[in-house]
Amino acid sequence: MNLEIKDLVLKGLLDGAKAFVGPETVQFDITNRCNNNCLCCWRNSPLLGESSEEDKREKEFELPFSVIKKTIDELKIMGTKKIFFAGGGDPFVHPKIMKILRYAKKCKMKIYINTNFTLVDKKRARELVKLKVDHIHVSVLAGNSKTYSLVHPNKSEEMFCKIKKVLKYIAVLKKNRRQHLYNPLPHINLYYVIFNKNYKDINEMVDLAIYVKSDTMEFTPIDVVAGKTDSLLLDAEQINSVTNDVKNNIGRLRKCNKSQSVKINIEQSENFLKRINSSLALEGKYESKTVINQPCYVGWAFARITADGEVNPCLKAHRISIGNIYKNSFEEIWNSPEEQEFRRKSFNLNLNDIYLKDIGNDPNLTFGCLQSCDNLQISLDMNKKYIDILRGYGKVK
């Protein structure tokens, strides 16, 4: 195509391998240390059994502030807009977390945090509001204290109550600041992984979101580790129960929003319902109706940096390294031969390509993306955006 390409991401897509601008979003796993042992976790679930010595060492990996700062500086220059602090551990376990957040905000980055929220007290809550942290995804996994302690074996019912209080406190702080801000931050999203120990809590999960005045809430099905956490999979009857409860609460919240008594949406609910009702959902494979319908664009929009400095091309490609920030600059890694190979392979999406076997948690799958895709929304959004751009050039109908 002989196009005058002003959009640098589109230019990369048309090239097929190179990127001409940095990733819009980078997930930073600043620590692998976590203070929770969620049943559904791929790293810390007690259902995984005794950790090997190597696993124990990996769980202690943590990036020093100097390395994080240097990488944020690089990303800013490359055009990255969002940093998502999440990963193998909880970001608030990192001893320098508030310093890291302050620096990222100083660099005018949008900050997203995925956290179990147990280490956020009122003091930290006040600073998070003051810093105008953009999004906080709070992984609660329960709608009541009893279920909370069940799915977090090392946590008490009192912790659930504490989380509720601090979330409510943030809502109060945001309301007090509403006189001065058009869109008070942080945006609070209650994030629920759904499995057979908490699926009955859907209604109470919505009640919790209403009570703490979260901005949104989100459901996702459990991504299992074969032979370990697959005992948590929903059966057909439970899937039907979840489907009905989610649909009913979509209608319930729609009515509440119209009456202005509450303003909460269930994010990506259509995709969630499609995934848990896919033909292979009973086996923990949710993407049979999603990822195979279009190319994967994530290689031009996203990267993940893990707590040992490894860089992965997508969230589920933790067995594919495209470089390490201790050895090379992020700019070098971003267009490394390894990253370019990932872009070609994922965009072409040949389901018989053995390369795709290394994506996801199950080494027995020949197409790892079939199990679960945590970057799906990025790819869906980019597909629509760039088809529209090409349509504007008259290259597609």
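The notes below deal with the structure included here. (Residues numbered from 1 in each chain as written. Predicted model: local features only at pLDDT ≥ 70, side-chain atom pairs only at ≥ 80, totals over all residues. Heavy atoms only, no water.)

**Description of the overall build of the chain**
Formally: Secondary structure elements are defined from DSSP: runs of H or I of at least 4 residues count as helices, runs of E of at least 2 residues count as strands, and each element is numbered from the N terminus. Within these notes, the globule rule equals 2.2 Å times the number of residues to the 0.38 power, and the radius of gyration is based on C-alpha atoms. Exposure categories follow from relative accessible area, calculated using a 1.4 Å probe and restricted to protein chains: below 20% of the type maximum is buried, above 50% is exposed, and the middle band is partly exposed. The contact criterion used throughout is that any non-hydrogen atoms of two residues lie within 4.5 Å. Residue burial considers only the protein chains on display, and all accessible areas are found by Shrake-Rupley using a 1.4 Å probe. Only four residue types enter the tally: Lys and Arg on the positive side, Asp and Glu on the negative side; His and the chain ends are excluded. By convention, charge coordinates are those of NZ in Lys, CZ in Arg, CG in Asp, or CD in Glu.
Looking only at helices and strands, the chain features 13 helices and 10 strands. For a compact globule of 397 residues, the expected C-alpha radius of gyration is about 21 Å, and the chain comes in at 21 Å, within 12% of that figure. Principal-axis analysis of the C-alpha atoms places the extent of the chain at approximately 60 × 50 × 45 Å. Counting only residues that meet the buried cut, the chain has 55% of its 397 residues in that class. Counted over contacts in the chain with a minimum sequence separation of 6, partners at least 24 positions apart contribute 72%. Of the roughly 18,700 Å² of accessible surface on the chain, 49% is carried by carbon and sulfur atoms. In the chain, the 63 positive side-chain charges and the 47 negative ones have mean positions that sit 8 Å from each other.

**Let's talk about the state of the cysteines**
Quick note on the threshold: The term disulfide is used for any two cysteine sulfur atoms that are within 2.5 Å.
For the structure on display, the rule yields 0 disulfides. The thiol of Cys296 is unpaired, and the distance to the nearest cysteine sulfur, on Cys373, comes to 6.2 Å.

**Some thoughts on helix α3 (residues 65-78)**
Side chains of residues three or four places apart in an α-helix project in the same direction, reflecting 3.6 residues per turn. Put simply, the rule is: For a helix, the expected span equals 1.5 Å multiplied by the residue count minus one.
The terminal C-alpha atoms of α3, which comprises 14 residues, lie 20 Å apart, in line with the 20 Å expected from a rise of 1.5 Å per residue. Along α3, the residues that are buried comprise Phe65, Val67, Ile68, Thr71, Ile72, Glu74, Leu75 and Met78. Against the buried residues of α3 lie β1 (25-28), β2 (82-85), α4 (97-106), β8 (302-305) and α11 (330-334). Just past α3, the residue Gly79 takes up positive phi, approximately 105°.

**Points about the sheet that holds strand β5 (residues 187-194)**
Worth spelling out the cut-off: Strands are labelled as partners when DSSP assigns at least two bridges between them. Axis angles are defined between N-to-C directions and span 0 to 180 degrees, where every axis is a line fitted to C-alpha atoms and, for a helix, only to the segment in contact.
A sheet is described by the order of its strands in space; here 10 strands give the open sequence β7-β6-β5-β4-β3-β2-β1-β8-β9-β10, paired in mixed fashion. In this open sheet, the two edge strands, each paired with only one partner strand, are β7 (265-267) and β10 (323-324). Of the strand pairs in this sheet, β5 and strand β6 (residues 216-221) are connected by 6 bridges, and their pairing is parallel. Paired with Tyr192 across the bridge in β6 is Phe219. Contacting β5, β6 and β7, helix α10 (residues 269-276) runs over the sheet at an angle of about 15° to β6.

**Looking at the environment of Glu283**
For Glu283, the location among the structural elements is in the loop between α10 and β8. A residue is classified by how much of its surface remains accessible, and Glu283, at 47% relative accessible area, is partly exposed. Expressed as a C-alpha distance, the spacing of Glu283 and His152, which sit 131 residues apart in the sequence, is 24 Å.

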